[in-house]
Amino acid sequence: MITSRDLTSLNDLEYDNDVHYLKTSCEEVFELMLYLKEHLSMTKLVDIFVIDRLKLQKDNRFCLNYLLKNLEFNKYICVQLEFDTPNKIESISFIWPNAFFWESEILNHYNIQFNFELPPNEFSGLMRKDFYKSKVELQTQDLNESNSTLKLKPSHYLQQNELELELSLQDDVIQECKINTGFQFRGIEKSCENLTSEHLMTFSDKWNPNKSLFFNVLCSDTFERMLSIQVTERAMAIRMIMMELNRIMEHCYTIAMICYEMKFSKYYSEMMIYLEKIRGLVRFYCGEDISTSFSCIGGVRYEIPQGWASTCINLLDSIEQGIIDFNKVIQSSSIWNEILLVGKISSLQALEYGISGPSLRASGINYDLRKKSLKYFYKDVDFETPVGQEGFVLDRYLVRIEEIFQSIKIIMQVLDNLPSGKIISSDSLSFRSFKDKDNIFNEQKYIDVITKEINIPNSQIYNSLESSEGEIGLHIVGDGGNKPLRFKLYSSATNTFSLYPKVMDGLDYQDALLILASLNINMKEVER
Amino acid sequence: MILSSKNYKQHGLLKGILYYIKYLVLNTISKLGRRKNKYVQLPSSFLIKNHRGYPVLKLLEEDEKLKCVGCGLCEKVCPTECISLEGNHKNSSLTVGEAPKSFNIELLKCTRCNLCSEVCPVEAIELSGSYDFYSDVDKDVWTIDKLTQKN
């Protein structure tokens, strides 16, 4: 067991893929966390999750992991606890207020007790390894009819997300706001423990259908880091182009949602037309626009067809001109600059809750993951990251429009200098390296690789990317077989989700819906 | 880069009316000479060729028999396990063998991921370009007769 006096600086520690693993006991956790936050400046809490090792060993069944991050040097520390069934664990929401969401989730899924209490549930203990199916009965709820509460369910005509908002009003001013969830839980993580690595690529684009290209690249990138496989240069360039195209699509969607809440229907339809044109480009490349699975372990599955690059350049030129005109016309009206000055997020609040993405940059903090962890070709391409002044809705709109222009600049530079060569590297462990267009090189190995799939080594890994709304990450734990032991998804939408009820201060319900539209929370990432 | 303070300026009613008149006049003058569409249209033939539709079994050109050899590799690769085969494949090489007796695909489970056509050593199974059939399917399972129909 390591006490808090042994850690003095970050440079003395050993890192394994930028992560350092620590082991402590249950009594010393709270003091360690205080020491790590103040002296070693670990300002951000990324993730909390549990590994269940019933089949491997009988004692010390559970393993609690806390992932912490240092923003300046881009390093992680993972604190691990091992126990059987403790009495009660102290919660950390006093230090980092966004830890409450994951601890309540662990209470629901694994039945591990914390300091606080929650009402009981039928499906408690769902994620344990010895959980069996039981009968489920439908429950009916009593309707609470009171004059001063307004419930906005997903079937309401004003609601666009899959949330349930409970607003208690008094003379049209919001006093309190509660959020109820549970509409989008699909049990992704438990069903991913039964899939091999090749099947996970085709499943990874259904976790969030709007950002399917980001999750494809993330899933294949973590496996390549675990097995230490090199990717060819042409595949790196194609992956970068697809990620920037998805970023433009998502920014067009949020701007369209802001115009929809302000009842500007002409500008809403103009932004959706741009979205459909870019989707046609992606469909031209790989055959599908929503459930694309274009990347695999070792490279990319499809080659760029003839005529794609020239149509791409022409389309992006016309879109750039269209958005410049759109921005000038909309900002010349006095309504736009006055009504959008609501929903302020200060920089202190943003750092405490761990937000990332364009809503962090709109509050005045200059942080971009593409410039910190220099992957594929981001070190050779020159682009800038826009930073706003205060945290209103107007700043988030301005930052997103500037990011569209920077993404177009990146795509033009990559398309001018596309490297030539193969798409898939020759030392990838999949069947594609043993097959050419017409012949198979080695038939015995071809059959062997397909029947017995790739073995995941006995280690942990954490990998992250910068998507259009923030940071997304994957945590994979392997035990030597061909299926993962534990599979954990992380997205920064959970942090904005826990911050949202605290932004209301004397607002209408229409302003509340405006702020929701500008943050772009997708509940499929929060609940999985 | 920090955004310039020009974007945060507010103005009143009179200035807004002047901006509106200025853009009205400029936009009408610039659009008088234009005849073409402002946006670029993608050619429609590109979209149909590459689109992933429902799976189709191929036939040889000389005598109308199945190209399929019955090796069973597509059954092991499919992530949703919707293919089921019955065939004897005891030869040593992958490209020689007899056609299978029965070949069933449950269409509602297929996610059109294109893994079965990548694995096939003889290129016997393919994803065609049309997807209109999903509304007319009576039963789930498709046998050899329906998979080789040309429609």
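This text gives an overview of the structure that appears in the document. Note that the structure is predicted; figures quoted are calculated from it, not measured.

What counts as what
- Residues numbered from 1 in each chain as written.
- Chains lettered and ligands numbered in written order.
- Predicted model: local features only at pLDDT ≥ 70, side-chain atom pairs only at ≥ 80, totals over all residues.
- Heavy atoms only, no water.
- Helix = DSSP H or I, 4+ residues; strand = E, 2+ residues; numbered from the N terminus.
- Buried < 20%, exposed > 50% of the residue type's maximum accessible area, 1.4 Å probe, protein only.
- Contact = heavy atoms within 4.5 Å.
- Areas by Shrake-Rupley, 256 points an atom, 1.4 Å probe, with all protein chains shown as cover.
- Rg over C-alpha atoms; globule rule 2.2 N^0.38 Å.
- Pairing = 2+ DSSP bridges.
- Axes fitted to C-alpha atoms, helices over the stretch in contact; angles between N-to-C directions.
- Patch = residues over 30% accessible without salt bridge, like charges linked within 9 Å, V, L, I, M, F, W, Y side chains within 5 Å.
- Salt bridge = Lys/Arg side-chain N within 4 Å of Asp/Glu carboxyl O.
- Polar contact = N/O pair within 3.5 Å; in protein donor to acceptor, adjacent residues only side chain to side chain.
- Phe/Tyr/Trp six-rings, centres within 6.5 Å; stacked < 30°, edge-to-face > 60°.
- Parallel < 35°, antiparallel > 145°, perpendicular 65-115°, else oblique.
- Left-handed = near helix turned anticlockwise from the far one by under 90°.
- Nonpolar A, V, L, I, M, F, W, Y, C, P; charged D, E, K, R; others polar.
- Buried area = accessible area lost by both parts, 1.4 Å probe.
- Core = buried A, V, L, I, M, F, W, Y, C linked by side-chain atoms within 4.5 Å.
- Expected span 1.5 Å × (residues − 1).

On to the overall build of chain B, then. Counting its regular elements, chain B contains five helices and five strands. Seen in sequence order, chain B has helices and strands lined up from the N terminus as α-α-β-α-β-β-α-β-β-α. Each of the 151 residues in chain B was classed as buried or not, and the buried ones make up 30%. For chain B, restricting intrachain contacts to residue pairs at least 6 apart in sequence, the fraction spanning at least 24 positions comes to 66%. On chain B, roughly 10,700 Å² of surface is accessible, and the fraction owed to carbon and sulfur atoms is 53%.

Let us look at the overall build of chain A. A count of helical and extended segments in chain A gives 17 helices and twelve strands. For 528 residues, the compact-globule estimate of 2.2 N^0.38 gives 24 Å, and the C-alpha radius of gyration of chain A, at 24 Å, lies within 12% of that figure. Along the three orthogonal principal directions, the C-alpha set of chain A runs to about 75 × 65 × 55 Å. For chain A, the proportion of its 528 residues judged to be buried stands at 58%. Here the contacts in chain A between residues at least 6 apart in sequence split such that 66% fall between residues at least 24 apart.

Further remarks concern the sheet that holds strand E5 (residues 149-152) of chain A. One key point about sheets: their strands pair by backbone hydrogen bonds, in either a parallel or an antiparallel sense. Residue and element names in this part refer to chain A. Strands sit in the order E5-E6-E7 across an open sheet of three strands; the sheet is antiparallel. Whereas interior strands pair on both sides, the edge strands pair on one side only; in this sheet they are E5 and strand E7 (173-180). Within the sheet, the average angular offset between the axes of one strand and its neighbour, ignoring direction, is 20 degrees. Here E5 pairs with strand E6 (residues 164-170) via four bridges, running antiparallel. Following the sheet pairing, Lys-151 is matched in E6 by Glu-166.

On to a nonpolar patch on the surface, then. All names here are of chain B. A cluster of nonpolar residues, Leu-13, Ile-17, Tyr-20, Ile-21, Leu-24, Val-25 and Ile-29, forms a patch on the protein surface that exposes about 740 Å² of accessible area. Position of Leu-24 among the secondary structure elements: in helix H1 (residues 13-32). The partly exposed category is assigned to Leu-24, whose relative accessible area is 43%.

Residue and element names in this part refer to chain A. With respect to the helices and strands, the residue Ser-295 is situated in strand E8 (residues 295-296). There is a polar contact of 3.3 Å between the side chain of Ser-295 and the backbone oxygen of Asn-216. A polar contact of 3.2 Å, which involves the side chain of Ser-295, links it to the side chain of Ser-220. Residues contacting Ser-295, with those up to four places away along its chain left out, are Met-201, Asn-216, Val-217, Ser-220, Arg-239 and Val-300.

This paragraph deals with the packing of aromatic side chains. All names here are of chain A. Here the structure, examined in full by the defined rule, presents 19 aromatic pairs over all chains. Considering the side-chain rings of Phe-203 and Trp-207, the 6.4 Å spacing of their centres and the 85 degrees angle between planes classify their relative orientation as edge-to-face. With relative accessibility at 1%, the residue Trp-207 sits in the buried group.

To continue, consider the pattern of salt bridges. Close approach of charged atoms allows side chains with opposite charge to pair. All names here are of chain A. Tallied over the full model, the rule gives 32 salt bridges over all chains. Put simply, Lys-75 and Asp-18 hold a salt bridge, and the shortest N to O gap is 3.5 Å. A residue pair is termed long-range when its members are at least 10 positions apart, and Lys-75 in strand E4 (residues 75-83) and Asp-18 in the segment before strand E1 (19-23) qualify at 57 residues. A salt bridge links Arg-361 to Glu-403, with the shortest nitrogen-to-oxygen separation between them at 2.1 Å.

Let us look at the pairing of strand E3 (residues 62-70) of chain A. Residues and elements named next belong to chain A. Of all nine residues making up E3, nine are buried, and the element is well covered by its neighbours. Side chains Phe-62, Leu-64, Tyr-66, Leu-68 and Asn-70 project from E3 onto one buried face, and the interleaved Cys-63, Asn-65, Leu-67 and Lys-69 project onto a second face that is buried too. Alignment of strand E2 (residues 44-52) against E3, held across eight bridges, turns out to be antiparallel. Bridge pairing links Lys-44 to Lys-69 in E3. Pairing of E3 with E4 involves nine bridges; the strand directions are antiparallel. Each bridged residue has a counterpart across the sheet, and for Cys-63 the counterpart in E4 is Glu-82. The antiparallel hairpin formed by E3 and E4 contains four residues in its connecting segment, where Asn-74 sits at a positive phi of about 60 degrees.

Here we take up the sheet that holds strand E3 (residues 102-106) of chain B. Residue and element names in this part refer to chain B. In space, the three strands of this open sheet follow the order E2-E3-E5, with antiparallel pairing throughout. The open sheet has two edge strands, strand E2 (83-86) and strand E5 (141-142), and neither has a second partner. Of the strand pairs in this sheet, E2 and E3 are connected by four bridges, and their pairing is antiparallel. Paired with Leu-85 across the bridge in E3 is Phe-103.

Bringing the packing of helix H13 (residues 393-416) of chain A against helix H16 (residues 509-519) of chain A into the picture now. Residue and element names in this part refer to chain A. The interhelical angle for the contact between H13 and H16, taken along N-to-C directions, is 25 degrees, at an axis separation of 10 Å. In terms of axis orientation, H13 runs roughly parallel to H16. With respect to the hand of their crossing, H13 and H16 are arranged in left-handed fashion. For the pair H13 and H16, contact is made by Val-393, Arg-396 and Arg-400 and by Ile-515, Ser-518 and Leu-519, respectively. By residue class, the composition of the contact of H13 with H16 is three nonpolar, one polar and two charged.

A few words now on the interface of chain A and chain B. Chain A puts 53 residues into the contact, and the matching count from chain B is 40 residues. For the pair chain A and chain B, the summed buried surface comes to about 4,200 Å²; carbon and sulfur atoms form 57% of the total. Counting across the interface, chain A meets chain B through three salt bridges. The closest approach of N and O atoms between Arg-112 of chain B and Glu-288 of chain A, which form a salt bridge, is 3.1 Å. Counting across the interface, chain A meets chain B through eleven residue pairs in polar contact (both at pLDDT 80 or more). Those elements giving two or more residues to the side of chain A that touches chain B turn out to be helix H4 (197-203), helix H7 (265-286), helix H8 (308-331), helix H9 (334-339), H13 and helix H14 (443-451) of chain A. Top element by residues in the side of chain A that touches chain B is H7 of chain A. It accounts for eight residues. Of the residues assigned to the side of chain A that touches chain B, the class counts are 16 nonpolar, 20 polar and 17 charged.

Residue and element names in this part refer to chain A. Counting residues in hydrophobic clusters, the biggest one holds 165 residues, and the most contacted among them are Met-33, Leu-64, Tyr-66, Tyr-285, Trp-308, Trp-336 and Tyr-500. In terms of residue count, the dominant contributor to this core is helix H6 (residues 233-261) (16 residues). Among all residues touching Tyr-500, those that are not within four sequence positions of it are Leu-165, Ile-179, Ala-512, Ile-515, Leu-516 and Leu-519.

Here we come to unusual backbone geometry. Excluding glycine, residues mostly have negative phi values, and the peptide bonds linking residues are mostly trans. For Ser-228 of chain A, which is not a glycine, the phi torsion comes out positive at approximately 55 degrees. Among the structural elements, Ser-228 of chain A can be located in the loop between helix H5 (212-227) and H6.

With 22 residues, H7 of chain A should cover 32 Å at 1.5 Å per step; its first-to-last C-alpha distance of 32 Å lies within 8% of that length. Phi turns positive one or two residues past the end of H7 of chain A, at Gly-287 of chain A, with a value near 95 degrees.

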